[in-house]
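Residues per chain, in single letters:
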Amino acid sequence: SEDPNDLAPLKGAKWEFTFTIVSTFTDTITFGTDIIRDSSTNVVALPCRNEYGSQGFVFYTSFPWGGRGFSVVINGPLLTEFYSFTISGNTATGKYSLGWDSNFYYMTGVKISGPSVPVCDAKHPDLCSTETECTGAGLNWCNGHCQADQLMVPSPPIQQHL
């Protein structure tokens with residue numbers, strides 16, 4: 001993406017990602033606060049590092065399997081790790097893969113520190129992107145949009161003067 005706002009939900013945050021290959025692993029990734037822009041492509045990225053100090057970048061991009069979300073590339077001492085995910089509030093779901101392995105492994109994540117991120121709720125119905133997400137938050141889906149209930153205030157009675 002060329003829009004720095006796409007990376008805002010990860011700025012200054014620390015996330016734990018859990019996935020299972022043969023055993024279950026939990027990796028912690030800390031995201032920086034200074035977004036950088038590639039001068040030749042205009043693509044923006046956010047520096048990050050894992051709990052071992054290996055550095056990488058996160059991008060907001062299209063996934064090969066469809067949809068858009070975050071892609072983290074961490075260059076480790078032996079191989080490159082890829083974390084591809086979407087977030088909803090303080091949780092993430094996605095796929096993990098190793099540089100030499102073409103397989104993807106289901107992954108979940110949870111934010112363990114950092115700035116709060118608004119979620120699909122009555123205060124932020126515009127953040128609900130699907131009917132399921134909207135109605136799951138107790139809101140109303142109408143004509144392709146999520147809406148919070150409005151309080152119905154009765155009109156005052158009309159008084160006629162004779």
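Caption draft 1: Broad picture of the overall build of the protein. Assigned secondary structure in the protein consists of one helix and eleven strands. Mapped in sequence order, the helices and strands of the protein form the string β-β-β-β-β-β-β-β-β-α-β-β. Looking at the 162 residues of the protein, the share that counts as buried comes to 30%. In the protein, once contacts between residues fewer than 6 apart in sequence are set aside, the share between residues at least 24 apart is 32%. Counting only carbon and sulfur atoms, one obtains 54% of the accessible surface of the protein, whose full area is about 10,300 Å².

Caption draft 2: Region of the structure containing the environment of Leu-78. With respect to the helices and strands, the residue Leu-78 is situated in the loop between β6 (68–75) and β7 (80–88). For Leu-78, a relative accessible area of 81% corresponds to the exposed category. On a C-alpha basis, the gap between Leu-78 and Gly-99 in space is 9.5 Å, while along the polypeptide they are 21 residues apart.

Caption draft 3: Structural detail: the state of the cysteines. For the structure shown, the criterion picks out one disulfide. Across the disulfide from Cys-134 sits Cys-146; the S-S distance is 2.1 Å. Since a negative S-S torsion denotes a left-handed disulfide, the Cys-134-Cys-146 link at about 80 degrees is right-handed. Of this pair, Cys-134 sits in helix α1 (residues 131–136) while Cys-146 sits in strand β11 (residues 145–147); the two residues are twelve residues apart in sequence, bridging distant segments of the chain. According to the relative accessible area criterion, Cys-134 is buried, its value standing at 0%. Here Cys-142 stays unpaired: no disulfide links it, and the sulfur of Cys-134, its closest cysteine neighbor, is 9.7 Å away.

Caption draft 4: Structural context of the pairing of strand β9 (residues 105–113). Of the strand pairs in this sheet, strand β1 (residues 14–20) and β9 are connected by six bridges, and their pairing is antiparallel. Bridging from a neighbouring strand, Thr-18 pairs with Thr-108 of β9. The sheet contact formed by strand β8 (residues 91–98) and β9 spans six bridges and is antiparallel. Its bridge partner being in β9, Gly-94 is matched across the sheet by Met-107.

Caption draft 5: The arrangement of the nonpolar core in detail. The biggest cluster of nonpolar side chains holds 22 residues, and the ones touching the most others in it are Leu-10, Phe-17, Phe-31, Val-58, Val-72, Tyr-83 and Phe-85. At the level of secondary structure, the elements contributing two or more residues to this core comprise β1, β2 (24–31), β4 (44–50), β6, β7, β8 and β9. Beyond its immediate sequence surroundings of up to four residues, Leu-10 is in contact with Trp-15, Phe-31, Gly-32, Leu-46, Val-58, Phe-70 and Phe-85. Grouped together as the second largest cluster of nonpolar side chains are five residues, Cys-128, Cys-134, Leu-139 and Cys-146 included.

Caption draft 6: Geometry of the side chain of Ser-71. Along the chain, Ser-71 falls in strand β6. When near neighbours in sequence (up to four residues on either side) are disregarded, Ser-71 contacts Phe-57, Val-58, Phe-59, Thr-61, Phe-63, Tyr-83 and Ser-84.

What counts, and where the lines are drawn
- Numbering of residues begins from 1 in every chain and follows the order in which that chain's sequence is written.
- Selection of residues for local features in this predicted model requires a pLDDT of at least 70, selection of side-chain atom pairs for listing and counting requires 80 or more, and totals for whole chains, interfaces and linings are taken over all residues.
- Hydrogens and water are ignored here; the side-chain numbers use all heavy atoms of the structure.
- Each helix is a run of H or I in the DSSP string that is no shorter than four residues. Each strand is a run of E no shorter than two, and both are numbered from the N terminus.
- We call a residue buried when its accessible area falls under 20% of the maximum for its residue type, exposed when it is over 50%, and partly exposed in between, using a 1.4 Å probe and counting protein chains only.
- Note on contacts: a residue pair is in contact if any heavy atoms of the two residues lie within 4.5 Å.
- Each accessible area is a Shrake-Rupley result for a 1.4 Å probe, and residues are judged covered by the shown protein chains and nothing else.
- The definition used for a disulfide is geometric: two cysteine sulfur atoms within 2.5 Å.
- Any two strands between which DSSP finds at least two bridges are classified as paired.
- As used here, the term nonpolar core means buried Ala, Val, Leu, Ile, Met, Phe, Trp, Tyr and Cys residues forming a set that is joined through side-chain atoms within 4.5 Å.

On their own, these measurements won't tell you what the molecule is for.
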